[in-house]
Every structure is written in structure tokens, then in C-alpha cells.
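Summary of structural features
Letter by letter, the chains look like this.
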Amino acid sequence: VPRSHPDRSALVLVDMLLGNRATGLLDQRLVFPQRLRGAGAWRRSLRCGGLLGVWGRPRADQDLDEIEALLLEQVAALKDGDFSDETVGGILRSFEVGLLRRLEGNAGRVDTMGRAFLYDESWEWSRGSLDRVRAVTRSDIQRVAQRYLGADCVVGRRRTGEPDPVRVRVGGVAARSTTTGRHSPLFDEVM
């Protein structure tokens, strides 16, 4: 969703519930028990839209279908509400500490102001992001997870070895002659 969408705050928590390098579902259920070498989640909220993704790094003996199934299993668990209120509280506190720590320095404050300007957000709305995330409920998290984390996802796979790209035949470009000293009317006007 775009940055100004009402569901954005809940999606911030969905992202962190999936993966935050400590207490996320991917961390606790896949990485720490060594079912995967690594896994995480990431999101982007831009002016006109956004995205949320999960990623996994296989062990040497795993195929990519297994990785995909393990990741989607945790997405389904989130959609089903298979997470604790304590985990949500901890993630919310971590988010708050990170945001406030970021705003203690000039670079973080300038970045926050710059983003508000670039995304055409009022300063009051931008400053209220923490309050909006604090107001997210467990049912909000499940609702947005069920709405946005559907089966219509895109799966990208990176493999080792040399790629074998498909060659696409492109039509030729007609030859154009260039004559030095010849200019457009706009060029003449500017000059």
C-alpha cells in the first residue's frame, strides 16, 4: 500500500512479525532451529504503492521448492494469528526504541523531514507514525495479513552457476544519418 494508506501501520508490524532478526516467525521457527541458513522479511512503502517480501537462504541440502514452502508456511501462520501478544509487544517496543534512537541524531531527523517532504506528507502526519503503529491491534495484523499476503505473490529464485538467458530477437533500428552543423529549431532558439 502507499505510505498514506490506513493499513500501512499494521503492515509495518506484519513485516516485523515475519522477520526482525530476533523474535520474528521466520527467525524463531526457521533460522534459529536451522531449518534454513537465513530468512527475513522486508517492505517498501512508497508514495503510490508498496510491497512486502520474504526471503530465505537454503542449506546445502535443500531445494528451492522446500524453501518456498517453509516461507509460505510462516506467512500462513501469521495470517492464522499464530503469534503471541508478548511477541507483538516486544516488536512494538523494539520499533519504538529504534525510531526514537534514530531521531536523536541530526541525520535521522533530516531523513525523516526529507521523507515527509518527498512523499508530500504533513509534518503532523509524519510525526504521528509511532502513535499509529502503537494503535494497531492483533485483529488489524491478521486482517491486513489476510488481505495482502495472498497466493498471488511473485516468487523469485536465485540459482548458482551461469545463467542461461533466453535470447529475444529485437527488430533493427533504421539507419539515420547525422549531419554536423544541422540543428533543431529549439536548439536555434536556445542559442
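Just above sits the structure.
What this report covers is the structure whose coordinates are included nearby. (Residues numbered from 1 in each chain as written. Predicted model: local features only at pLDDT ≥ 70, side-chain atom pairs only at ≥ 80, totals over all residues. Heavy atoms only, no water.)

**Looking at the overall build of the protein chain**
- Summing up its helical and strand segments, the protein chain has nine helices and two strands in all.
- The secondary structure elements of the protein chain, listed N-terminal to C-terminal, are α-α-β-β-α-α-α-α-α-α-α.
- Expected size for 191 residues packed as a compact globule is a radius of gyration near 16 Å; at 23 Å, the protein chain overshoots this value by more than 25%.
- Looking at the protein chain as a whole, 30% of its 191 residues are labelled buried.
- Pairs at least 24 apart in sequence give 62% of the contacts found in the protein chain among residues at least 6 apart.
- Of the roughly 13,400 Å² of accessible surface on the protein chain, a fraction of 52% belongs to carbon and sulfur atoms.
- In the protein chain, which carries 30 positive and 26 negative side-chain charges, the distance between the mean positions of the two groups comes to 4 Å. (Helix = DSSP H or I, 4+ residues; strand = E, 2+ residues; numbered from the N terminus. Rg over C-alpha atoms; globule rule 2.2 N^0.38 Å. Buried < 20%, exposed > 50% of the residue type's maximum accessible area, 1.4 Å probe, protein only. Contact = heavy atoms within 4.5 Å. Areas by Shrake-Rupley, 256 points an atom, 1.4 Å probe, with all protein chains shown as cover. Lys, Arg positive; Asp, Glu negative; His and termini not counted. Charge placed at Lys NZ, Arg CZ, Asp CG, Glu CD.)

**Side note on helix 5 (residues 106-118)**
- Taking 1.5 Å of rise per residue, the 13 residues of helix 5 would be expected to cover 18 Å, and the 18 Å separating its terminal C-alpha atoms lies within 8% of that figure.
- Within helix 5, burial applies to Gly-108, Thr-112 and Ala-116. Viewed along the axis of helix 5, the buried residues span an arc of 75°, placing them on a single side of the element. Residues of helix 5 that are exposed and angled more than 90 degrees away from the buried face: Asn-106, Ala-107, Val-110, Phe-117 and Leu-118.
- For helix 5, the elements touching its buried residues are helix 4 (85-103) and helix 6 (123-127).
- Immediately beyond the C-terminal end of helix 5, within one or two residues, lies Asp-120, with a positive phi of roughly 55°. (Expected span 1.5 Å × (residues − 1). Arc of directions from axis to C-beta.)

**What about a nonpolar patch on the surface?**
- There is a patch of nonpolar side chains on the surface, built from Leu-186, Phe-187, Val-190 and Met-191 and spanning about 460 Å² of accessible area.
- For Val-190, the position within the fold is in helix 9 (residues 185-190). (Patch = residues over 30% accessible without salt bridge, like charges linked within 9 Å, V, L, I, M, F, W, Y side chains within 5 Å. Salt bridge = Lys/Arg side-chain N within 4 Å of Asp/Glu carboxyl O.)

**Some details on helix 3 (residues 64-79)**
- Taking 1.5 Å of rise per residue, 16 residues should cover 22 Å, and helix 3 covers 23 Å from first to last C-alpha, within 8% of that figure.
- Residues of helix 3 that are buried: Ile-67, Leu-70, Leu-71, Gln-74, Val-75, Ala-77 and Leu-78. Seen along its axis, helix 3 keeps its buried residues to an arc of 160°; they face one direction.
- Where helix 3 is buried, its residues touch helix 1 (8-18), helix 2 (25-31), strand 1 (38-45), strand 2 (50-57) and helix 8 (138-148).
- Measuring from the backbone nitrogen of Asp-65 back to the side-chain oxygen at the start of helix 3 gives 3.3 Å, which picks out Asp-63 as the cap.
- Where helix 3 ends, the next residue or the one after it, Gly-81, has phi of about 80°, a positive value. (Polar contact = N/O pair within 3.5 Å; in protein donor to acceptor, adjacent residues only side chain to side chain.)

**Things to note about the packing of aromatic side chains**
- Applying the stated criterion across every chain, the model contains zero aromatic pairs.
- In this structure, Arg-132 is placed above the aromatic ring of Trp-125, and the distance from its NZ or CZ to the ring centre is 3.7 Å.
- Of note, Arg-138 hangs over the ring of Phe-83, and the distance from its end group to the ring centre comes to 4.3 Å. (Phe/Tyr/Trp six-rings, centres within 6.5 Å; stacked < 30°, edge-to-face > 60°. Lys NZ or Arg CZ within 6 Å of the ring centre and 35° of its normal.)

**Comments concerning the environment of Leu-72**
- On the secondary structure map, Leu-72 appears in helix 3.
- Measuring from C-alpha to C-alpha, the distance between Leu-72 and Leu-149 comes to 9.5 Å, with 77 residues separating the pair along the chain.

**A few points about the pattern of salt bridges**
- In the structure shown here, the tally under the stated rule is 16 salt bridges.
- Among the ionic pairs, Arg-43 bridges to Asp-15, the shortest N-O distance being 3.4 Å. In this pair, Arg-43 sits in strand 1 while Asp-15 sits in helix 1, placing the two residues 28 residues apart along the sequence.
- Classification of Asp-15 by relative accessible area gives buried; the value is 9%.

**Notes on the pairing of strand 1**
- Summarising the sheet, strand 1 and strand 2 pair through eight bridges and their orientation is antiparallel. Residue Ala-39 lies in a different strand from strand 2, and its bridge partner there is Gly-56.
- Connecting strand 1 to the next strand, strand 2, in antiparallel fashion are four residues. (Pairing = 2+ DSSP bridges.)

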